[in-house]
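Single-letter residue listing:
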Amino acid sequence: MLNRSKLWATVLLITVFAAGVTVGGAASSAWGAGDGDGDGSGRGDDRARRSSYAERLESDLGLTAAQREMVDTILARRQVDMRELWQEMRPQFDALRDTIRSKIMDVLTDEQRQTYNELIESSNRRGDRDRENQHR
């Protein structure tokens, strides 16, 4: 049985993990996960991601044509800033994610650890593929 401090630690861990998933999801939504355009510049991929995000905003918020154009301009002007910020934050995000994963492993059974490792490997392959596509 978990004592009170272990229970709070577990709740905190799950909360931090959920926050990480949320931040990761938000980052993926904001930056997109396009396949790239294959021209080596990355610019087409950026346009596709901005367009996808702008399309969601247009649909969800009912943007007018003028608003959509302004949103496209805002996203285009800030894309480099977003990419640079993510590059700065990524090592911290990765370290936190690895700590969370390690702590989760501590509470799993051997069978659960094996399954969790498979989930992590799948996630890592997907992330590697997405990063590779961004650099095409």
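Note on numbering: residues in each chain are counted from 1, in written sequence order. Confidence filtering applies because this is a predicted model: local features only for residues at pLDDT of at least 70, side-chain atom pairs given and counted only at 80 or more, and all residues used for totals across whole chains, interfaces and linings. Derived side-chain values reflect all non-hydrogen atoms in the structure, with water molecules and hydrogen atoms excluded from consideration.

### Regarding the confidence of the model for the chain
To keep it simple, the criterion reads: For every residue, the predictor assigns a confidence score, pLDDT, that lies between 0 and 100. Only DSSP runs of H or I covering at least 4 residues are called helices, and only runs of E covering at least 2 are called strands; the numbering of each starts at the N terminus. In what follows, residue pairs with any heavy atoms lying within 4.5 Å of each other are defined as contacts.
Averaged over all residues, the pLDDT of the chain is 79; the fraction at 70 or higher stands at 72%. When pLDDT is averaged over each element of the chain, helix H3 (residues 65-107) comes out on top at 93 and helix H1 (residues 4-31) at the bottom at 67. Under a pLDDT of 50 for its full length, residues 29-44 has, in the predicted model, 30 contacts with residues more than four places off or in other chains.

### Some words on the layout of surface pockets
Rolled over the atoms, a probe as big as a water molecule pinpoints where empty space is left. To keep it simple, the criterion reads: With a 1 Å grid spanning the protein atoms alone, the term cavity applies to any set of points in which a 1.4 Å probe fits but cannot get out, the term pocket to an open set with protein on both sides within 12 Å along at least five of seven lines, and the term lining residue to any residue with an atom within 4 Å of a point. Grid points are joined across faces, edges and corners, and a volume is the space filled by probe spheres set on the points. Basically, the charged four are Asp, Glu, Lys and Arg, the nonpolar ten are Ala, Val, Leu, Ile, Met, Phe, Trp, Tyr, Cys and Pro, and anything else, Gly included, counts as polar.
As a volume, the second largest pocket reaches approximately 170 Å³. Around the second largest pocket, the lining residues are Lys-6, Ala-9, Thr-10, Leu-12, Leu-13, Val-16, Leu-96, Thr-99, Ile-100, Lys-103, Asp-106 and Val-107. Breaking the lining of the second largest pocket down by element, the ones donating at least two residues are H1 and H3. Of the residues belonging to the lining of the second largest pocket, the class tally is 7 nonpolar, 2 polar and 3 charged.

### Brief notes about the pattern of salt bridges
It is possible for side chains of opposite charge to pair when their charged atoms get near one another. Just so we agree on the cut-off: Here, a salt bridge means any side-chain nitrogen of Lys or Arg that lies within 4 Å of a carboxyl oxygen of Asp or Glu. Buried, partly exposed and exposed residues are distinguished by accessible area as a fraction of the type maximum, computed with a 1.4 Å probe on protein chains only: under 20%, between the cut-offs, and over 50%, respectively.
Using the criterion set out here, one finds 7 salt bridges in the structure. Here Arg-68 and Asp-72 are joined by a salt bridge, their closest N and O atoms 3.1 Å apart. Of the two residues, Arg-68 and Asp-72 both sit in helix H3, 4 residues apart, roughly one turn of that helix. In this structure Arg-68 comes out as buried when scored by relative accessible area, which is 13%. Among the salt bridges present, the one from Asp-81 reaches Arg-78, with a minimum N-O distance of 2.8 Å. In this pair, Asp-81 and Arg-78 both sit in helix H3, 3 residues apart, roughly one turn of the helix. Judged by relative accessible area, Asp-81 falls into the partly exposed class, the value being 36%. Here the salt bridges share partners, and the residues they tie into one network are Arg-90, Asp-94, Arg-97 and Asp-98.

### As for the nonpolar core
For the record, the criterion: Definition of nonpolar core: a set of buried residues of the types Ala, Val, Leu, Ile, Met, Phe, Trp, Tyr and Cys, connected through side-chain atoms within 4.5 Å.
Of all hydrophobic cores here, the largest spans 7 residues; its members are Leu-13, Ile-100, Ile-104, Met-105, Leu-108, Tyr-116 and Ile-120. When residues of this core are traced back to their parent elements, those giving at least two are H3 and helix H4 (110-134). At 3 residues, H3 tops the list of elements feeding residues into this core. Excluding residues within four positions of it along the chain, Leu-108 makes contact with Arg-113 and Tyr-116.

### A short note on the side chain of Arg-101
Formally: Counted as positive: Lys and Arg. Counted as negative: Asp and Glu, with His and the chain ends omitted from the count.
Here Arg-101 lies in helix H3. Within the buried set, Arg-101 has no salt-bridge partner at all; the shortest N-O distance to an opposite charge, 4.5 Å, is to Asp-98. Leaving out residues up to four positions away in the same chain, Arg-101 has contacts with Tyr-116, Ile-120, Ser-123 and Asn-124.

### Focus on a nonpolar patch on the surface
Worth spelling out the cut-off: Residues with no salt bridge and a relative accessible area higher than 30% make up the patches, which join like charges within 9 Å and nonpolar side chains (Val, Leu, Ile, Met, Phe, Trp, Tyr) within 5 Å. Surface accessibility follows the Shrake-Rupley procedure with a 1.4 Å probe radius. Residue values consider only the protein chains on display as shielding.
A contiguous nonpolar surface patch, about 310 Å² in accessible area, is contributed by Leu-7, Trp-8 and Val-11. By the element assignment, Trp-8 lies in helix H1.

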